[in-house]
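If you want the building blocks of each chain, they are given just below.
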Amino acid sequence: MPFIEPKVLKGFRDFLPLQELTRRSMIEKIENSFRSFGFVPIDTPALEYAEILLGKGGGETEKQIYRFTDQGGRDVALRFDLTVPFARFTAEHRAGLILPFKRYHIAKVWRGENTQRGRYREFTQCDFDIVGSDSVAADFEILLIMYKTLHILCNDFTENNNITGSNTISIRINHRGLFNRFLASLDIGEKSAEILRQVDKLAKTGRDAVQEQIEQIIGKDKSNKILDYISLGQNDGFDTVLEKLKEAAGEDNDIEHLRKLRSFMKDAGVADSFFLDPSITRGLDYYTGIVYETFLNKLPAIGSVCSGGRYDNLTGVYSKEQVPGVGSSIGLDRLQAALEELGQINQHCGYADAAIICTEAENAGKAQKAAECFRKQGISCEVFFESKKITQQFMLAEKKGIPWVIIPDYGTERFTLRNIGSREDRENIDLEEAVSLIKQ
């Protein structure tokens, strides 16, 4: 058999155990936060008919889709996000859904885009959406979940879930309706999709590059007005920017929508983390209302770690019934990369909570029985198989990130407990005391 070099595709990754344990811990916290708001999980196929995925999205995304013909001659593609499959799901299962329907979906998606820091071709999205309601309160609940969930994660899984008083993140909001009306006032409303995609690249390519691209679409004079508009008061407070947008685009329902959102933020005590930013547009064509992106204040250069918006007719491609929706998505891989860079990832995730030392290979059955006593108390417990020197077994536990080592006395059913971090021993203790120490 010829030798095959082990390698993975560019933009794809393997995850070693400690890294994957951290991911799973983050997902657990994210899922618990979603469930606390009454959201329920769904799942959809990774592979869809290409026409399903190409029905919405638009722009650069369509060029990034992994698309091919399968063995049956069908034109298929890997999902590039979780929102478009959800629109197909909603249209197909509408009769069985209770509206408003609040779902979450945590799964991998694929895009053939250029790789860079925190950006991969296979990555995990954590989506949460509300469909069947066009209420401002629904918009606010999505924003509040973003706020709460990201504070839990960014504060290293803080013990309390208090949703007030932190400057960890900035959530930047805009309204597509306002921006489109401003473009219409310049008689370039028909170019809105092209212009929005260019503005969406502002953080990646810079102002000059964006202005150059917009000039090619509509000319220099109007491009200057657009760049002035998206720069309105970005360093000012939410209320100040809102007044400037009202002057530029005029008073209407979109302005009132943003006012109500702001009122809800203040009432909930979370207003300090939200900013009105006219440069936030989102590149996907299906957004119709508010859009938003979330940045880590200590590492804004890594880009948005959670983004989304309102899409009030996404199901229209697949159904005659219009179902309004709003949602957001946490980019797990980018967020994990950012937290690792900031040194905020919880480093005590290990292979297990504790390990049973192997004193003699013949005691494997007794060791598993002892380990089961701890497992029944909610403590994950590994059993070492080989009776190596005890110091070697301590080193093995340390390499695996296991904080406690248990040395059982099978004759008395008592234990010696070694704290791997402090190198301290607690000798001749019973099961209850051992469990208490490990859980502390």
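See above for the structure.
The rules behind these values
- Residues numbered from 1 in each chain as written.
- Predicted model: local features only at pLDDT ≥ 70, side-chain atom pairs only at ≥ 80, totals over all residues.
- Heavy atoms only, no water.
- Helix = DSSP H or I, 4+ residues; strand = E, 2+ residues; numbered from the N terminus.
- Buried < 20%, exposed > 50% of the residue type's maximum accessible area, 1.4 Å probe, protein only.
- Pairing = 2+ DSSP bridges.
- Contact = heavy atoms within 4.5 Å.
- Axes fitted to C-alpha atoms, helices over the stretch in contact; angles between N-to-C directions.
- Core = buried A, V, L, I, M, F, W, Y, C linked by side-chain atoms within 4.5 Å.
- Expected span 1.5 Å × (residues − 1).
- Polar contact = N/O pair within 3.5 Å; in protein donor to acceptor, adjacent residues only side chain to side chain.

1. As for the environment of Tyr286
Of note, Tyr286 is situated in the loop between strand 8 (274-276) and strand 9 (290-296). According to the relative accessible area criterion, Tyr286 is buried, its value standing at 3%. Placed 203 residues apart in sequence, Tyr286 and Thr83 show a C-alpha to C-alpha distance of 9.8 Å.

2. What to know about the sheet that holds strand 10 (residues 306-311)
The strand order across the open sheet built from eight strands is 1-5-6-11-10-9-7-8, with neighbouring strands paired in mixed fashion. Because the sheet does not close on itself, it has two edges, and the strands there are strand 1 (40-41) and strand 8. Examined bridge by bridge, strand 1 and strand 5 (residues 101-110) share two bridges and lie parallel to one another. Its bridge partner being in strand 5, Val40 is matched across the sheet by Arg103. Sitting on the sheet, helix 12 (residues 253-268) touches strand 7 (169-175), strand 8 and strand 9, and the angle it makes with strand 7 is about 155°. Sitting on the sheet, helix 13 (residues 332-342) touches strand 6 (122-131), strand 9 and strand 11 (325-331), and the angle it makes with strand 11 is about 45°.

3. Quick word on the nonpolar core
Phe128, Leu143, Ile226, Met265 and Leu335 are the most contacted members of the largest nonpolar core, which totals 69 residues. When residues of this core are assigned to their parent elements, the largest contribution, 12 residues, is made by helix 5 (residues 136-154). Not counting residues up to four positions away in its chain, the partners in contact with Ile226 are Phe179, Phe182, Leu183, Leu186, Ile188, Ile195, Val199, Ile214 and Ile218.

4. Quick look at helix 1 (residues 17-36)
Between its first and last C-alpha atoms helix 1 spans 28 Å; for 20 residues at 1.5 Å apiece the expected length is 28 Å, and the two agree. Every buried residue belonging to helix 1 is among Thr22, Arg23, Ser25, Met26, Ile27, Ile30, Ser33 and Phe34, and all of these are buried. In this fold, the buried residues of helix 1 make contact with strand 5, strand 6, helix 5, strand 11 and helix 13. Directly beyond the C-terminal end of helix 1, a positive phi value near 90° is found at Gly38.

5. Regarding the environment of Gln336
Examined against the element boundaries, Gln336 turns out to sit in helix 13. On the accessibility criterion, Gln336 (3% relative accessible area) is buried. Remark: the alpha-carbon pair of Gln336 and Met26, spanning 310 residues in sequence, is separated by 8.5 Å. From its side chain, Gln336 meets the backbone oxygen of Gln19 in a polar contact 3.5 Å long.

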